[in-house]
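Structural characterization, general
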Amino acid sequence: MEEENSFLALLTQQVAAAGDMTDVYQQALDELQLYSDASNCAIILVHQGFQVLAKKNSRDEVVFYDGDSALRQHSDLPESFIKSVAYSKKFEYQINFQAEDDIWQTQSLDIHESVQVAAPIFHDDVVFAILFLETSNNVDVLDVDEQNIIKLFAQTIGAEFEKRYLSEQAQLAQAENVTTAKALGEKVAQSEMFLSLLTQLHRVSIELSKSVTLNDLYYNSVRLAQQYLQIDRMAIFLIDQESNKMFGTYGTDENGKVVNESYFSSSIPEHPVVQETLRRKDYVIVIEDTALQHNKKDVGRGWNAMVALWDGDQALGWIAVDNLINHQPLELHHKEVLKLYAANLSQLIFRKRQDDQLLQFNKQLEQRVLERTAELASANYALENANRALESANIQLERLSMMDGLTGVSNRRFFDVSLQAEWDRALRHRSSLALLMLDVDKFKEYNDCYGHIEGDKALQRVAQSLLVHARRAGEVVARYGGEEFVILLPNMTASAVHVVAENVLQGVKALGIVHKESDVCQVVSVSVGIASITPNKDLSSSELVDKADKALYKAKSLGRDQYVFATE
Ligand SMILES: Nc1nc2c(ncn2[C@@H]2O[C@H](COP(=O)(O)OP(=O)(O)OP(=O)(O)O)[C@@H](O)[C@H]2O)c(=O)[nH]1
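Quick notes on the rules
Position labels on residues start from 1 in each chain and follow its written sequence. The predicted origin of the model limits local features to residues at a pLDDT of at least 70 and limits the giving and counting of side-chain atom pairs to 80 or more, whereas totals for whole chains, interfaces and linings rest on all residues. Excluded from the side-chain calculation are hydrogens and water; included are all heavy atoms of the structure. Proximity is defined per residue: if any heavy atom of the residue lies within 4 Å of a molecule or strand, that residue is considered near it. Counted as a polar contact is a pair of N or O atoms within 3.5 Å, where, for protein atoms, one must be capable of donating a hydrogen and the other of accepting one, and residues adjacent in sequence contribute only when both atoms are in side chains. Residue exposure ignores everything except the shown protein chains as possible cover, and the areas themselves are Shrake-Rupley values with a 1.4 Å probe. Put simply, DSSP marks the helices as runs of H or I at least four residues long and the strands as runs of E at least two long, and each gets a number from the N terminus on. All amino acids are sorted into three groups, where Ala, Val, Leu, Ile, Met, Phe, Trp, Tyr, Cys and Pro are nonpolar, Asp, Glu, Lys and Arg are charged, and the leftover types, Gly among them, are polar. Summary of the burial criterion: residues with accessible area below 20% of their type's maximum are buried, those above 50% are exposed, and those between are partly exposed, where the area comes from a 1.4 Å probe applied to protein chains only. Working rule for contacts: check all heavy atoms of both residues, and any pair within 4.5 Å makes them a contact. Strand pairing is assigned whenever DSSP detects at least two bridges linking the two strands. Simply put, an axis is a line fit to the C-alpha atoms, just over the touching stretch for a helix, and the angle between two N-to-C directions goes from 0 to 180 degrees. UniProt positions are given in the numbering used here, feature names are shortened, and annotations may be inferred rather than shown by experiment. We define a salt bridge as a side-chain nitrogen of Lys or Arg found within 4 Å of a carboxyl oxygen belonging to Asp or Glu. Any angle that falls under 35 degrees is termed roughly parallel, while one over 145 is termed roughly antiparallel, one within 65 to 115 roughly perpendicular, and all others oblique. Like-charged residues within 9 Å of one another, or nonpolar side chains (Val, Leu, Ile, Met, Phe, Trp, Tyr) within 5 Å, are grouped into patches, provided each residue has over 30% relative accessible area and no salt bridge. Only protein atoms enter the 1 Å grid used here. Points where a 1.4 Å probe fits but cannot escape make up a cavity, open sets with protein on both sides within 12 Å along at least five of seven lines make up a pocket, and a residue lines them when an atom lies within 4 Å of a point. Grid points are joined across faces, edges and corners, and a volume is the space filled by probe spheres set on the points. In this scheme Phe, Tyr and Trp rings, the latter by its six-membered ring, pair at centre separations within 6.5 Å, and the angle between planes marks the pair as stacked below 30 degrees, edge-to-face above 60, and tilted otherwise. Charge-over-ring placement is defined geometrically: NZ (Lys) or CZ (Arg) within 6 Å of the ring centre, and within 35 degrees of the ring normal.

So, about the site of the ligand. Looking at the ligand, there are 17 residues lining it, with Lys442, Phe443, Lys444, Asn447 and Lys556 nearest. Contact distances for the ligand include 3.2 Å between an oxygen atom and a backbone N or O atom of Val440. The backbone of His452 places a nitrogen or oxygen atom 3.1 Å from a nitrogen atom of the ligand. The fraction of the free accessible surface of the ligand (650 Å²) that becomes covered by protein chains is 68%. Every element with two or more residues in the shell around the ligand is listed here: β15 (433-440), α9 (443-450) and α10 (452-466). In terms of residue class, the shell around the ligand is built from three nonpolar, four polar and ten charged.

Next comes the structure, spelled out in structure tokens:
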């Protein structure tokens, strides 16, 4: 018993002094084997379906399995016996017989016997592991002391095992906690960064929406992304899918300066990265550790990211960004911000293009309205001119139709119309209307003497001389027919009419048209019959003509070259 106690004390000491759990198993299995001269011993973890933790075999080798080797796979360990101890929670042993040969040839049997011992190791009253040993040296049934030693041994190991295992688990958990806390911290920092970038993105969006032209929008997009969104360099490319062309807008040179790249155009590259970018909406394609370029020349290395710009389901172009200047890694939140930025910019481009189209359309419309108005104005002007010309032509025509072709004074038609109009007016105003009827004296003789053409000329001159006597409105000089003329004088007193008649006689003679065949006067003269009537509804205008004609006849019969005023 003393020997056994000292064994336990030594074991406890050694186990306690062991460095790590591997040492504990090594020491435990070493000592146990020494004590029991075991050919086989093992520690089996009960949880997770019986896993062998460590095993020492007859060749004195300790093998560690870290608890991930199933008991079933170890044919040298009695699975059902070990399991029964785990369920019974009691120390147990059994005799194991091994026959090397055929069971039926009993005479030649070389039978080996061994004792298999299994002791439960507890943690919080739950069987946590099984300590197993097998020894073939002592085939006697274990005495109580031996059993106790093994039980105590299991307890000692169990205690140490529990202590170590749990502390190891605690350390693992702590390490895990630290990692988790660190990861959490990083996550929080990233979230904060993301949040701050989102705030900046909001600000940038508002600024961008103030851009007046599309060109401003592209320039501001690059400038503001650099200023507020932690982007080193950015370029915006647009595409026209119909012509398979791409166009530059604004970009960034190798020093981070925003530059106009609208001069740049080419076919859309067949490169799979570009093609993939244009195929995928809301997706950032990143190429790590690649050559970075400006104006198609390498300017350094870093990551390059691309995200497409969209209008509905159609790609408008793409944004390319890289980290040439500050060499910062591309974090997840940067990618998210890029996606949002591209979506925002896409919307603004779409809206501005529509505004521009509308503006262009309005301008064209305005221009067309102006042109049309000018066309109309000029057409109106031409029409007005034409109308004026037509009017004046009509007036001319009217005048011509009312004019005597030979003498240039009004014709008989005009006189008839005027006589009726003035008659009616005089009737309304109860005023007088006077008519002088003239006949050139001895004109047949003039024609016979000087010829018809000279006769015409004389008629013309006589007629023109008459015009000076009829200048007021309503006064008319007209050729009545042949060598007869009339002068209509509305609203004129009788004495004034006398004066006109006298002036007419003198005026014709004053022309001095020699008429040597006339026995009345040496020059062409006229006889005048005058009538003046204040019209009333019982009279008609023809009576005025009739009276004047009779007065003329009288003037002729009285010797010509004189006037006769018909009495009322
Ligand atoms: N040259 C010319 N002669 C005209 C025109 N119209 C009428 N006569 C002429 O005028 C003449 C009128 O003659 P008469 O009616 O006999 O009158 P008269 O010779 O003037 O004689 P009294 O009136 O009695 O003094 C005619 O010989 C017509 O041929 C005309 O347009 N041109």
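What follows covers unusual backbone geometry. Within the chain, Asn244 stands out as a residue other than glycine whose phi angle is a positive 55 degrees. Considering the arrangement of structural elements, one finds Asn244 in the loop between β7 (233-240) and β8 (245-248). Positive phi values are uncommon outside glycine, yet Asp282 reaches one of about 55 degrees. Looking at the secondary structure, you find Asp282 in the loop between α6 (272-279) and β12 (284-294).

On to the environment of Asp439, then. Its location among the elements puts Asp439 in strand β15. Overall, the relative accessible area of 7% leaves Asp439 in the buried class. Sequence-wise, Asp439 and Glu484 are 45 residues apart; in three dimensions their C-alpha atoms are separated by 4.5 Å. Setting aside residues up to four positions removed in sequence, Asp439 forms contacts with Glu483, Glu484, Ser525, Val526, Ser527, Leu552 and Lys556.

The next subject is the sheet that holds strand β17 (residues 484-490). In spatial order, the strands read β16-β17-β15-β18-β19; together these five strands make up an open sheet with mixed pairing. Both edges of this open sheet fall to β16 (476-481) and β19 (563-565), since each of them pairs with a single strand only. Within this sheet the neighbouring strands show an average axis-to-axis angle of 20 degrees, counted without direction. Contacts from α10 reach β15, β16, β17 and β18 (526-533), with the element oriented near 5 degrees to β17.

Here, UniProt's "coiled-coil region" (unreviewed entry) annotation points to residues 376-403. A distance of 39 Å separates the end C-alpha atoms of residues 376-403, which is 93% helix and 0% strand.

Turning to the pattern of salt bridges, a few remarks are in order. Scanning the entire structure with this criterion turns up 21 salt bridges. With a closest N to O distance of 3.2 Å, Arg301 and Asp289 form a salt bridge. Residue Arg301 is located in strand β13 (residues 297-311), and its partner Asp289 is located in strand β12; the two are separated by twelve residues in the primary sequence. Arg301 sits in the partly exposed class, given a relative accessible area of 48%. Between Asp561 and Lys509 there is a salt bridge, with the nearest N and O atoms lying 2.9 Å from each other. Of this pair, Asp561 sits in the loop between α12 (541-557) and β19 while Lys509 sits in helix α11 (residues 494-509), and the two are 52 residues apart along the sequence. On the basis of relative accessibility, which here comes to 18%, the residue Asp561 falls in the buried class. A relative accessible area of 23% means that Lys509 is categorised as partly exposed. Connected through shared salt-bridge partners, Arg72, Glu79 and Lys83 make up one network.

As a further point, take the environment of Gly474. Examined against the element boundaries, Gly474 turns out to sit in the loop between α10 and β16. Note: C-alpha distance between Gly474 and Leu489 (15 residues apart in sequence) is 7.3 Å. Non-local contacts of Gly474, meaning those with residues more than four positions away in its chain, are made with Glu422, Leu488 and Pro490.

Turning next to the packing of α9 against α10. The description of two helices packed together rests on the angle between their axes and the distance between the axes. Two elements in contact, α9 and α10, have axes whose closest approach is 6 Å; the angle formed by their N-to-C orientations is 130 degrees. In terms of orientation, α9 lies oblique with respect to α10. Across the interface between the two elements, Phe443, Tyr446, Asn447 and Tyr450 of α9 pack against His452, Glu454, Gly455, Ala458 and Leu459 of α10. For the contact of α9 with α10, the per-class residue count stands at five nonpolar, three polar and one charged.

A cluster of nonpolar residues, Phe361, Leu365 and Val369, forms a patch on the protein surface that exposes about 280 Å² of accessible area. When you line up the elements, Phe361 lands in helix α7 (residues 332-401).

Turning to the layout of surface pockets, a few remarks are in order. Empty space left among the atoms is revealed by rolling a probe the size of a water molecule over them. Here the largest pocket defines a volume of roughly 810 Å³. Contributing to the lining of the largest pocket are 29 residues, with Phe237, Gln293, Lys296, Asn304 and Ala320 lying nearest its centre. Where the lining of the largest pocket is concerned, the elements lending two or more residues are β7, β9 (250-252), α6, β12, β13 and β14 (314-322). Residue classes in the lining of the largest pocket are distributed as 16 nonpolar, nine polar and four charged.

One open sheet accounts for six strands, arranged β11-β8-β7-β14-β13-β12; its pairing is antiparallel. One side of each edge strand has no neighbouring strand; the edge strands of this open sheet are β11 (265-267) and β12. Recorded for the sheet is a direction-independent mean angle of 30 degrees between the axes of neighbouring strands. Where β13 meets β14, eight bridges bridge the pair, whose relative direction is antiparallel. Bridge pairing in β14 links Met306 to Ala320. Sitting on the sheet, α6 touches β7, β12, β13 and β14, and the angle it makes with β13 is about 25 degrees.

Evaluated as defined, the whole model comprises seven aromatic pairs. Here the aromatic rings of Tyr219 and Tyr250 are separated by 5.3 Å at their centres, their planes lie at 70 degrees, and the arrangement is edge-to-face. Linking Tyr219 in helix α5 (residues 214-228) with Tyr250 in strand β9, this pair joins segments that are 31 residues apart in sequence. Residue Tyr219 is classed as partly exposed on the basis of its relative accessible area, which comes to 33%. Between the aromatic rings of Tyr446 and Tyr450, the centroid separation amounts to 4.4 Å while the plane-to-plane angle is 40 degrees, which identifies the pairing as tilted. Placement of the pair is Tyr446 and Tyr450 together in helix α9, with a separation of four residues, close to one helical turn. Positioned over the ring face of Tyr480 is Arg412, at 3.9 Å from the centre of the ring.

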